[in-house]
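Each chain, written out:
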Amino acid sequence: MSSRTLSVALLAGALTVACAKPTGEGAVAPMAGKRVEGRAGMVAASHPDAAAAGVEVLRQGGNAIDAFVATAFALSVTDVSQTGLGGGGAMTFYDAKQKRVEHLSFYPRTGGDPAWGRADTSQGRAMGRAAATPGMVAGLLEAHGKWGKLTRAQVMAPAIRLARDGFIVSPLLARTIVSSRQKLTADSSAMALFMPGGQALRPGDRLVQPELAATLERIQQEGRDGFYRGAIAERLSAKVKSKGGLITVEDLNSYPVTSLRPLCTTWHGYTVLGAPPPMGGSAVLEMLQMAEASGMNGSFTNTPESVVKMADILRIAGADANRWRGDPLVMQVPARGVSAPGFAKQRAGLVGGALPDTSVAGDAMAFDGQPVPDACTRFDPYPTSRAIPTAPGEDMNAAVEYDERHMQSFTSHLAVVDADGSAVSATTTVGVLFGSGVYTSGFFLNSSGSNFDARTRGTHRYANSTMSPTILLAGDRIRLVIGAAGSQYIQPAIAQVTLRMLAFGEDPWVAIAAPRINASATQKDVEVEAGYAPSVYQALVQRGYRPLSRVSDISFGGVHAVYVAPDGRRIGVADPRRDGVAAGN
């Protein structure tokens, strides 16, 4: 049996479980670590050693922030094709003691070179041109400095150990190395590490990264300056420029982490906290509210009308997400309007109506100034978008043709809930597999510089992303911490899994393993995984869609989540489409 056939067979088994009756306390997933219950801290992440790193610091007395930072640094070592020190991300943090929520954006950012405002005429041929200034290290250290309890040495120790002593290569990493052969062979140091002797590492091999360990040790000792100043910064800039890139030492010295207010709305009795722009959280909030407004009330697996409604919702919300995006510090992005209940209700009126070839975005600006639900006011949520001065004749919000492939990336998501009930939902990435392919000081630089288009490109601005770290509260208590990896599959995956868990009452493992769909605003094709009732596929055809069979794989949304039951049980779940696990202390 080929490895591809075997992986499909394993997932088919998981999807069979997804169609069974929801399971109760003590349920066991048919894959190691995919569903874990506990009464204290819980971490779900895209690699077992990284989840273990988070649990290790929780056992040392760390809080949710400490576990997040330890897990994210560890993922920079173990999930190296998806995330790393050369990338960036975003995190949403709920402090259960203070009953407050915070959001940090540390996504890759353009610098001061005027060429950032012009189209990349190299059409992707120059590796360095895809790399924007990385924010990962700055973001993790900023979060730790603001809200962590343990020392920097404690939270970074697991990652340093994993880089210095090595870890066992997983099936996912082995596959991504094989698929990225051309990129990895472009750098002799990267090739020697990941393809020794010209042969890609295999599952079960040990990967030791001494250069990365040295970089992590320098960050541990010197903090932010150890990465953004001095030898590491100088080597990074020189390597990027040698590959046709634009990052300067000054861009690194001055990289800013941005603290933003979270998006907030209510849905199904819960308070939903989402990631503001340049992240894509508004689409998740819109999808959930549209589902409720359109009367969706049946399981996706066996209820054709619910799946068809979901396809409509994904197309409509996708059109809004494509239009209303960008860096809110330099563009007027009405994310509050997109996530407003009134806008969702208006857009839900299109569900079940005429099925256009291309869905058109709604006027979110008209709802941007509306008050947020009462349950959100205490969190001081994301404000009305501010008007941004523009150059004469320039319309920063003019509609442009948008190719969703600009957003292709893989990414890594983690979810943490500590013993006190505080939580972090965080998504990080280097963009496409192994980022831009530029390798320096033991890490790969991101490809997020390719996320810009005619509307969004320019100097000193963050790339926009579909990443959507999300938290749902029942009153003042965490009910669900969730997010996903997978580019344009992120928001649909989060919405479908959240609906299954909280609206349809499915067990968290059932919800995460169950089949999903994905629909595009610009076409009638609907990608479908195996495992639905035959009547579901038939109903999609009758609605006018063209179902496309999709083998479940890493790009179809890698969801990691922690569900907190009303009785206080933490249930951590990890997507069977990836190598991640959940672990508790």
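Placed above this text is the structure.
By convention here, each chain's residues receive numbers from 1 onward along its written sequence. Only residues with pLDDT of 70 or above have their local features reported here, since the model is predicted, and side-chain atom pairs are shown and tallied only from 80 upward, although totals for entire chains, interfaces and linings are computed over all residues. In computing side-chain properties, one takes all heavy atoms of the structure into account and sets aside hydrogens as well as water.

Caption draft 1: Representation of unusual backbone geometry. In this structure, the amide linkage connecting proline 277 to the following residue, proline 278, adopts the cis form with an omega of 15°. Residue position: proline 278 is located in the loop between β9 (270-274) and α13 (281-293). A positive phi angle, close to 60°, is found at phenylalanine 434, a residue other than glycine. For the purposes of this entry, the term helix denotes a DSSP run of H or I that reaches at least four residues, the term strand denotes a run of E that reaches at least two, and both are numbered from the N terminus. On the secondary structure map, phenylalanine 434 appears in the loop between β11 (423-429) and β12 (439-440). Summary of the burial criterion: residues with accessible area below 20% of their type's maximum are buried, those above 50% are exposed, and those between are partly exposed, where the area comes from a 1.4 Å probe applied to protein chains only. Residue phenylalanine 434 is classed as buried on the basis of its relative accessible area, which comes to 0%. Although it is not a glycine, histidine 460 sits at a positive phi angle of roughly 50°.

Caption draft 2: Seen up close, the sheet that holds strand β10 (residues 412-417). Across the sheet, which stays open at both edges, the seven strands sit in the order β7-β4-β3-β11-β10-β2-β21 with antiparallel pairing between neighbours. Each end of this open sheet is capped by a strand with a single partner; those strands are β7 (258-260) and β21 (581-584). If you compare each strand with its neighbour and ignore which way they point, the axes differ by 15° on average. Pairing analysis gives six bridges linking β10 to β11, with the strands arranged antiparallel. Paired with serine 412 across the strands is threonine 428, a residue of β11. Whether two strands pair depends on DSSP finding at least two bridges between them. Only the stretch in contact is used when a helix axis is fitted, and all axes are lines through C-alpha atoms; the angle between N-to-C directions ranges over 0 to 180 degrees.

Caption draft 3: Local environment of the sheet that holds strand β17 (residues 525-528). Across the sheet, which stays open at both edges, the three strands sit in the order β16-β17-β18 with mixed pairing between neighbours. With partners counted over all chains shown, the strands left at the sheet margins are β16 (517-519) and β18 (546-549), one partner each. For this sheet the average axis-to-axis angle between neighbouring strands, irrespective of direction, equals 30°. Pairing of β17 with β18, which is carried by four bridges, proceeds in the parallel orientation. Looking at the pairing, glutamate 527 lines up with leucine 548 of β18.

Caption draft 4: Quick look at the packing of aromatic side chains. Classification of ring pairs rests on two measures: the distance between centres of Phe, Tyr or Trp rings, Trp counted by its six-membered ring, which must be within 6.5 Å, and the angle between planes, read as stacked under 30 degrees, edge-to-face over 60 and tilted in between. Scanning the model with the defined rule gives 15 aromatic pairs in all. For the ring pair phenylalanine 227 and tyrosine 228, a centre distance of 4.8 Å and an interplane angle of 70° mean the geometry is edge-to-face. Taking the centre distance of 5.1 Å and the plane angle of 65° together, the rings of phenylalanine 434 and phenylalanine 444 count as edge-to-face. Here phenylalanine 434, found in the loop between β11 and β12, pairs with phenylalanine 444, found in strand β13 (residues 443-444); they are 10 residues apart in sequence, far enough to count as distant. Just as phenylalanine 434 is buried, phenylalanine 444 falls in that class too. Connected via pairs of aromatic rings, a cluster forms that spans Phe227, Tyr228, Tyr255, Phe443 and Tyr462. Criterion for a charge above a ring: Arg CZ or Lys NZ at most 6 Å from the ring centre, at most 35 degrees from the ring normal. Arginine 224 extends its terminal NZ or CZ atom over the ring of tyrosine 228, reaching a point 4.8 Å from the ring centre.

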